[in-house]
Amino acid sequence: MKSNFLLVLATLFIFSSASSQEYYLHCGKILNTQSGKELSNQTIIVSKNKITKIQDGFISKANSQDIEIDLKNKYVLPGLIDLHVHIEGQHDSDSYMSKYIDNEADIAFQAVGCAEVTLLAGFTTVRDLGGTGVNISLRNAINKGIVKGPRIFTAGKAISTTGGHADPTNGSNRKLVGDPGPHEGVINSPEEAVKAVRERYKEGADVIKITATGGVLSVAKNGKNPQFSIDEIKAITTTAKDYNMLTAAHAHGDEGIQRAILGGIKTIEHGTFMSEETMELMKKYDAYLVPTLSAGKEVEKNAEIDGFYPDIIVPKAREIGPKLKSTFAKAYKKGVKIAFGTDAGVFPHGINAKEFGYMVEAGMPPLEAIQSATITNAMLLGIGDQAGQIKENFLADIIAVDENPVSTIRTLEKVVFVMKDGKIYKN
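Residues numbered from 1 in each chain as written. Predicted model: local features only at pLDDT ≥ 70, side-chain atom pairs only at ≥ 80, totals over all residues. Heavy atoms only, no water.

Help me understand the sheet that holds strand E11 (residues 247-251), please; the structure alone is not making it clear to me.
Within a sheet, adjacent strands bond to each other through the backbone by hydrogen bonds, running parallel or antiparallel. With parallel pairing, five strands are arranged side by side in an open sheet as E10-E11-E12-E13-E14. Both edges of this open sheet fall to strand E10 (208-211) and strand E14 (337-338), since each of them pairs with a single strand only. Here E10 runs beside E11; their pairing, made up of four bridges, is parallel. Residue Ile210 lies in a different strand from E11, and its bridge partner there is Ala249. (Pairing = 2+ DSSP bridges. Helix = DSSP H or I, 4+ residues; strand = E, 2+ residues; numbered from the N terminus.)

Structural data, given as structure tokens:
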């Protein structure tokens, strides 16, 4: 009896010791994403999934089971946040056929790989803006620790209009088209718009994404035309607000962008043909532009590869790609608020950080580009009091790079250390 009691005590002691294990990160430089200042020679102490202390100097671990991490020659900053990805897969020349032959399991296996490379690239949180619904299951699997990946806020299926960008039957054989409705993410009235939002909520989506205009990669001629009425958009945003869901609108054409803003959409994705009048409207309504410059460069490049896209897509890709950068530059100068987002999935996942270089090339200062992927995006996702900064009591989402990202922005393309939720994934 006594030996059993001692065994229980020993087991409890071992469990207690393991569960109280802490990380001591010895950081040469920490970038304060709020002020832009650097802190030198600091120790970040991580317990469970939180930053519990930040202390001057390189503090030795308190207990033998604690772990010290040497980042003395690194620049440390909070995990990055990409506000526009499609985590289920990557677009390629086979994508138009894949939607007819891939099962959900096929999509899921692809998605697992996309999620892991995204995390290893330093993006500890992403907003997924539309797929088949597998994205919701992937989020759940990551949260349970079954697979590796970033923290995901997902739209599930995007909401479209009949024949619009994100209608899942767009470009299909007539025998396969049918008449998709709100359950499939296709609406044609304010009443159906309300139902579509509630369907997304029922399925477990976190955010709502609509396709306010035509798109580049849908098999349709027009990539600019508005595809929702203002009343339909207002029905979506009002209902989304009831469920505390952030709203986003894919939008290239100016009229569609204006309708989205007036309808209450918070983030405008792409914004390619936005006029100066619309930029002023964005400022008035406190809307954010998510520029996705990486996607523009990718489609422009692929349009020159014979047979990569169906012929109907090529003119759109050639036009929209170069225009994204000039519109972003103008919008930034006019004071439109910017949120970092790449449209990863249009290009290979894991190279999301190239977006920083493109933003800086277009005239945005490096620190502001970094802030757009940390403080700004955390605030928009409703986790501004938990993420986006290296701060005590914040989530232990921490990355490190070799050089100062404020002076060498492309160092963010080579992240050497990744911690998410207090767990190390790359060191």
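I would appreciate a short explanation of the packing of helix H8 (residues 254-262) against helix H9 (residues 276-284) in the present structure.
For any two helices packed against each other, the geometry is given by the interaxial angle and the distance between the axes. Between H8 and H9, whose axes approach to 10 Å, the crossing angle comes to 15°. Judged by the inter-axis angle, H8 sits roughly parallel to H9. Handedness of the crossing formed by H8 with H9: left-handed. Between H8 and H9, the contacting residues are Asp254, Ile257, Gln258, Ile261 and Leu262 on the first element and Glu277, Thr278, Leu281 and Met282 on the second. Residue composition of the contact of H8 with H9, grouped by class: five nonpolar, two polar and two charged. (Axes fitted to C-alpha atoms, helices over the stretch in contact; angles between N-to-C directions. Parallel < 35°, antiparallel > 145°, perpendicular 65-115°, else oblique. Left-handed = near helix turned anticlockwise from the far one by under 90°. Contact = heavy atoms within 4.5 Å. Nonpolar A, V, L, I, M, F, W, Y, C, P; charged D, E, K, R; others polar.)

I would appreciate a short explanation of the environment of Ser372 in the present structure.
Locating Ser372 in the fold gives a position in helix H13 (residues 366-372). By relative accessible area, which is 1% here, Ser372 ends up buried. Considered as a pair, Ser372 and Glu355 are 17 residues apart in the sequence and their alpha carbons are 11 Å apart. Those residues within four positions of Ser372 in sequence are excluded, and the remaining contacts are Ile338, Ala339, Phe340, Met359, Met364 and Asn377. (Buried < 20%, exposed > 50% of the residue type's maximum accessible area, 1.4 Å probe, protein only.)

What exactly am I supposed to notice about the side chain of Asn377 here?
Tracing the sequence through the fold places Asn377 in helix H14 (residues 375-380). If we skip the residues at most four places from it in the chain, Asn377 touches Ile81, Asp82, Leu83, Ala339, Phe340 and Ser372.

Where do I start with the packing of aromatic side chains in this structure?
Aromatic rings considered in pairs are described by the distance between their centres and by the relative angle of their planes. According to the stated counting rule, one finds four aromatic pairs in the structure shown. Ring geometry for Phe123 versus Phe340: centroids 5.9 Å apart, planes at 25°, classification stacked. With Phe123 in strand E6 (residues 123-128) and Phe340 in the loop between E14 and helix H12 (354-361), this residue pair connects regions lying 217 residues apart in the sequence. Residue Phe123 is classed as buried on the basis of its relative accessible area of 0%. In this structure Phe340 comes out as buried when scored by relative accessible area, which is 0%. Plain terms: the ring middles of Tyr201 and Tyr243 are 4.3 Å apart, the flat faces sit at 35° to each other, and that makes the pair tilted. In this pair, Tyr201 is assigned in helix H6 (residues 190-203) and Tyr243 in the loop between helix H7 (230-242) and E11, connecting sequence segments 42 residues apart. By way of ring pairs, the aromatic residues Phe123, Phe340 and Phe356 are connected into one cluster. Taking NZ or CZ as reference, Lys224 lies 4.5 Å from the ring centre of Phe273, over its face. (Phe/Tyr/Trp six-rings, centres within 6.5 Å; stacked < 30°, edge-to-face > 60°. Lys NZ or Arg CZ within 6 Å of the ring centre and 35° of its normal.)

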